[in-house]
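A closer look at the structure
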Amino acid sequence: MSEIMLCLISWVSAQGRGIALRGDAFRQRRICKTTRLQFIAPMSASQTTNAPRDHEGDVEREFSLLKQKCVPCSSKELRPMTEGVAKTLLSQIPEWELLEIDGKLQLQRRWKLKNFMKGLEFFKNIADVAESEGHHPDLHLVGWNNVIVNIFTHSTGGLTENDFILAAKISALDCKELMRKSIPKAPAVES
Ligand SMILES: C[C@H](O)[C@H](O)[C@H]1CNC2=NC(N)=NC(=O)C2=N1
């Protein structure tokens, strides 16, 4: 079997893995972060995002999202980005996942909180960031202490830099005291 066919099969199988949130009407597809071969259409001029570019005109990979400010979602130059650009920016926010939900690319991150009230307190911290950026996430508090945050730009129906800026600023919140301590896994017992 040719190399191309092998790559195609591994790419398709990597994309095929999907999960559905329990009880959610929509199907979501986790886009494998480590897809070795990206059959993603190159970023066309009309799909470029407002990411800064280096002197060769390439999207700068290392610009800091935390130093950026969200632009108004009504601005005309805001375009949904391609999956390839999204995967490049994802390296700046490694705790987040890139999902496709109902055909829309979204960012998602999950936290386990100490209890329900800490979950609401965490929501308030996130809301303060969102209000200061004028850009807002979808907040879910499920199973009393599990917070799931999804982010995408509703006005474009896809991902823009705003979503990555917001995600980076949410990740930068110092809310450790609200989080449930992760129980260290017992070392594997030698059989
Ligand atoms: C008028 C207001 O600024 C806009 O409607 C903003 C509010 N927050 C937003 N947040 C997100 N995620 N997407 C939007 O399109 C959006 N639009």
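Here is a short report on the structure shown in this document. Just so it is clear, the structure is predicted and the values come from calculations on it, not from any experiment. (Residues numbered from 1 in each chain as written. Predicted model: local features only at pLDDT ≥ 70, side-chain atom pairs only at ≥ 80, totals over all residues. Heavy atoms only, no water.)

Comments concerning the site of the ligand
The immediate surroundings of the ligand are formed by Cys73, Gly134, His135, His136, Phe152, Thr153, His154 and Ser155. The separation between a nitrogen atom of the ligand and a polar main-chain atom of histidine 136 is 2.8 Å. Between the ligand and the protein, one listed contact pairs a nitrogen atom with a backbone N or O atom of phenylalanine 152 at 2.7 Å. Protein burial of the ligand: of its 400 Å² of free accessible surface, 58% is covered by the chains. Residues of the shell around the ligand, tallied by class, amount to two nonpolar, six polar and no charged. (Near = heavy atom within 4 Å. Polar contact = N/O pair within 3.5 Å; in protein donor to acceptor, adjacent residues only side chain to side chain. Areas by Shrake-Rupley, 256 points an atom, 1.4 Å probe, with all protein chains shown as cover. Nonpolar A, V, L, I, M, F, W, Y, C, P; charged D, E, K, R; others polar.)

Quick notes on the pairing of strand E4 (residues 104-112)
Of the pairings in the sheet, the one linking strand E3 (residues 97-101) to E4 comprises five bridges and is antiparallel in character. Each bridged residue has a counterpart across the sheet, and for glutamate 100 the counterpart in E4 is leucine 105. Between E3 and E4, which follow one another and run antiparallel, lie two residues, and aspartate 102 among them has a positive phi close to 50°. Relative to strand E6 (residues 146-151), E4 runs antiparallel, the two sharing six bridges. (Pairing = 2+ DSSP bridges. Helix = DSSP H or I, 4+ residues; strand = E, 2+ residues; numbered from the N terminus.)

Section: the pattern of salt bridges
A full pass over the atoms with the stated rule returns five salt bridges. The shortest N-O distance in the salt bridge between glutamate 83 and lysine 87 comes to 3.5 Å. Within this pair, glutamate 83 and its partner lysine 87 are both found in helix H2 (residues 83-90), separated by four residues, close to a single helical turn. Lysine 87 matches glutamate 83 in its accessibility class, with the two residues each being buried. The salt bridge partner of glutamate 133 is lysine 169, with a shortest N-O separation of 2.6 Å. Of the two residues, glutamate 133 is situated in helix H3 (residues 116-133) and lysine 169 in helix H4 (residues 161-171); the sequence distance between them amounts to 36 residues. Here glutamate 133 falls in the buried class, since its relative accessible area comes to 9%. Three or more residues are tied together by salt bridges with common partners; here these are Lys69, Glu133 and Lys169. (Salt bridge = Lys/Arg side-chain N within 4 Å of Asp/Glu carboxyl O. Buried < 20%, exposed > 50% of the residue type's maximum accessible area, 1.4 Å probe, protein only.)

Some details on H2
Think of an α-helix as 3.6 residues a turn; residues three or four steps apart then line up on the same face. With seven of eight residues buried, H2 is to be regarded as a mostly interior element. Every buried residue of H2 is accounted for by Glu83, Gly84, Val85, Ala86, Lys87, Leu89 and Leu90.

Points about unusual backbone geometry
Backbone geometry follows two general trends: most residues other than glycine have a negative phi, and most peptide bonds adopt the trans configuration. Unlike most non-glycine residues, aspartate 102 shows phi in positive territory, near 50°. The backbone of tryptophan 144 sits at a positive phi, close to 60°, despite the residue not being glycine. With respect to the helices and strands, tryptophan 144 occurs in the loop between strand E5 (138-142) and E6. For tryptophan 144, a relative accessible area of 59% puts it in the exposed group.

Thoughts on the packing of aromatic side chains
Within this structure, the stated rule accounts for two aromatic pairs. Aromatic pair tryptophan 96 and tryptophan 111: ring centres 5.8 Å apart, planes at 80°, arrangement edge-to-face. Linking tryptophan 96 in the loop between H2 and E3 with tryptophan 111 in strand E4, this pair joins segments that are 15 residues apart in sequence. Looking at tryptophan 111, the relative accessible area reads 11%, which means it is buried. Ring pairing ties together the aromatic residues Trp96, Trp111 and Phe122, which thus form one cluster. (Phe/Tyr/Trp six-rings, centres within 6.5 Å; stacked < 30°, edge-to-face > 60°.)

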